[in-house]
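Listed below, chain by chain, are the residues.
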Amino acid sequence: MRKKVTLITGASGEIGQALIKSLTKHGDMPIITLDIAPLPADMLHKVTALQGDIMDKALLSRLVSEYELDTIYHLAALLSTRSEFTPEAAHKVNVEGTLGLLNLAAEQSDWRHVPVKFIFPSSIAAYGLPDLETKAAYTRVREWEWNNPRTMYGCNKLYCEQLGIYYSKYYRQLAADLPVMLDFRCLRFPGLISAFTVPSGGTSDYGPEMLHYAAQNKPYACFVREDVRIPFMVMPDAVKSLLMLTKAPSDAIKHTVYNVTSFSLSAAEFRDWVIKFFPQAEITFEPDLQRQAIVDSWPADLDDSAARRNWTWQPDYDVNRSFAEYLVPSIRKMYQKK
Ligand code: AKB
C-alpha cells in the first residue's frame, strides 16, 4: 500500500514554509516537499523533503510509485520581476512545470478513482489595467475583469488557471469513458507579506522590503512612486485561505478561480505604517520606471466577495492587526535574535 500524502512543490519559498508550519500543526497527513532549493534545516524533521526539479520526470514517477497524492499545493514558480529577466525560463518553470504536475495529478485521479485536489496560487499579476485612469476607475476588480497581464509571470499564471480548468472539466473529453478528473482550485493572491522571510524576485516586494529594512535599521529606497496602490495580505491569512479553499465542500465551490485579499495601501501609506512602529526608518522613493509600470498595471484592490459568499472567506488580519500583532512583533524578535 502506498502512503497517502500531501505534496508541496516550491516548499522552500515564503508560502511553502508558512504552509508547512500550519499543516504540521494540525498534522492530518504526512507531507512530501519538492523544491530545487533546500528546506531550512529546522523544518526537515517535519516533512519528507525531496530536493529536485519539478521538470524531472523520473523524480515525479518515483514519487507516485511510492506515494498516493491526496492533495497537491503547487507553489513552485518564478515571480514577476525575475520572470522578466528570463522569460523563457519562467515559461518552463511556471507553465511546463505546472502542466507536468497537472498531467500527473490527472493520471493519479483516474487511476485511484478519486480526484486529486490540486491547489494553485495565482496572483494579481493575472490582471493588467491599461493605464492609471482605468486603474483609478476600476478599483476592486472581479475575477473575470481585466485579464490582460503585461508580465510573463502574469501570462503564465492566467494560462495555468485555464489549464487547471481544462484538466478538471474537459480532460480527455472525447474518450469513450470519461476519466475521473482532478479537483483544481485556485486563489488569486495580492502582494503577500511574511514576518519571517524576505521575498525575492517579485514586484510587490517593496512593501515587505520597507519593513524588513526598517527593522534592521537599514535605509530603503522604494522602487515605486508614493501614490501607487495595490492590495496586500499577511502570510497567516494567505495560509488560512489556502486551507479554507482546500477544505471547502465541493458543492460550495462555484468558481475555479477566486480572488482573496485583506487591505489595500499606497506605497506612501505603507511607509507611514512602517514609520509608526519604526520611527527611525529611512525610506525614500526612487522609482524604477520599468518595475513601476508593472505595478501600475495591477489593480488597486481585489473584489473577493465570491470567496466570502461561497466558502465564508474572511481575513483575520486587517492592516492595523497585521502590523501591530503579526508583522512588527515577529520581525523585531527575529532581528533581535540575529
Ligand atoms: C510578485 O510580485 O511577483 C508576486 C505576486 C504579486 O504575485 N508577489
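Description of the structure in this document. The numbers attached to residues start from 1 for each chain and follow its sequence in the written order. The predicted origin of the model limits local features to residues at a pLDDT of at least 70 and limits the giving and counting of side-chain atom pairs to 80 or more, whereas totals for whole chains, interfaces and linings rest on all residues. Side-chain calculation: all heavy atoms of the structure are included, whereas hydrogens and water are not.

## What about unusual backbone geometry?
A positive phi angle is found at histidine 113, which is not glycine, with a value near 60 degrees. Under the scheme used here, helices are H or I runs from DSSP no shorter than 4 residues and strands are E runs no shorter than 2 residues, and both carry numbers assigned from the N terminus. If you trace the backbone, histidine 113 turns up in the loop between helix 4 (87-112) and strand 5 (117-123). Its identity as a non-glycine residue notwithstanding, tryptophan 146 has a phi of 50 degrees, on the positive side. Relative to the helices and strands, tryptophan 146 is located in the loop between strand 6 (140-141) and helix 6 (152-169). Partly exposed residues are those whose accessible area sits between 20% and 50% of the maximum for their type, while under 20% is buried and over 50% is exposed, using a 1.4 Å probe and protein chains only. With relative accessibility at 25%, the residue tryptophan 146 sits in the partly exposed group.

## Regarding helix 2 (residues 57-66)
Of all the positions in helix 2, only Leu59, Leu60, Leu63 and Val64 are classed as buried. One face of helix 2 carries all of its buried residues, which in axial projection span an arc of 130 degrees. Within helix 2, the exposed residues directed more than 90 degrees away from the buried face are Lys57 and Ala58. Packing partners of the buried residues in helix 2 comprise strand 1 (3-9), strand 2 (31-35), strand 3 (48-51), strand 4 (67-74) and helix 4. The N-capping residue of helix 2, defined by a side-chain oxygen 3.1 Å from the backbone nitrogen of alanine 58, is aspartate 56. Each C-beta atom gives one direction from the helix axis, and the arc is the one those directions make. We call two residues contacting when some pair of their heavy atoms lies within 4.5 Å. In the analysis that follows, any N or O atom pair within 3.5 Å is treated as a polar contact, provided that within protein one partner can donate a hydrogen and the other can accept it, and provided that, for residues neighboring in sequence, both atoms belong to side chains.

## A short note on the sheet that holds strand 12 (residues 263-266)
Here, strands pair whenever DSSP counts at least two bridges between them. Spatially, the three strands line up as an open sheet ordered 8-10-12, and their pairing is mixed. One side of each edge strand has no neighbouring strand; the edge strands of this open sheet are strand 8 (191-193) and strand 12. Along the sheet, successive strands turn relative to each other by an average axial angle of 45 degrees, direction set aside. Against the sheet, helix 8 (residues 235-247) touches strand 8 and strand 10 (229-234), its axis set at about 75 degrees to strand 10. Lines fitted to C-alpha atoms define the axes, with helix axes restricted to the stretch in contact, and inter-axis angles between N-to-C directions lie between 0 and 180 degrees.

## Some details on the pairing of strand 4
In terms of burial, strand 4 is largely enclosed, as seven of its eight residues are buried. When strand 4 meets strand 5, the two strands line up parallel, connected through three bridges. Looking at strand 5, one finds that threonine 71 is bridged to lysine 117.

## Some details on the sheet that holds strand 11 (residues 257-259)
A sheet is described by the order of its strands in space; here seven strands give the open sequence 3-2-1-4-5-7-11, paired in parallel fashion. With partners counted over all chains shown, the strands left at the sheet margins are strand 3 and strand 11, one partner each. The mean angle between the axes of side-by-side strands here comes to 20 degrees, regardless of whether they run parallel or antiparallel. Looking at chain direction, strand 1 and strand 2 are connected through four bridges and run parallel. What sits directly across from threonine 9, in strand 2, is leucine 34. In the packing of helix 6 onto the sheet, contacts are made with strand 5, strand 7 (183-189) and strand 11, and the angle to strand 7 comes to roughly 155 degrees. Taken strand by strand, helix 8 contacts strand 4, strand 5, strand 7 and strand 11, and its axis lies near 155 degrees from that of strand 7.

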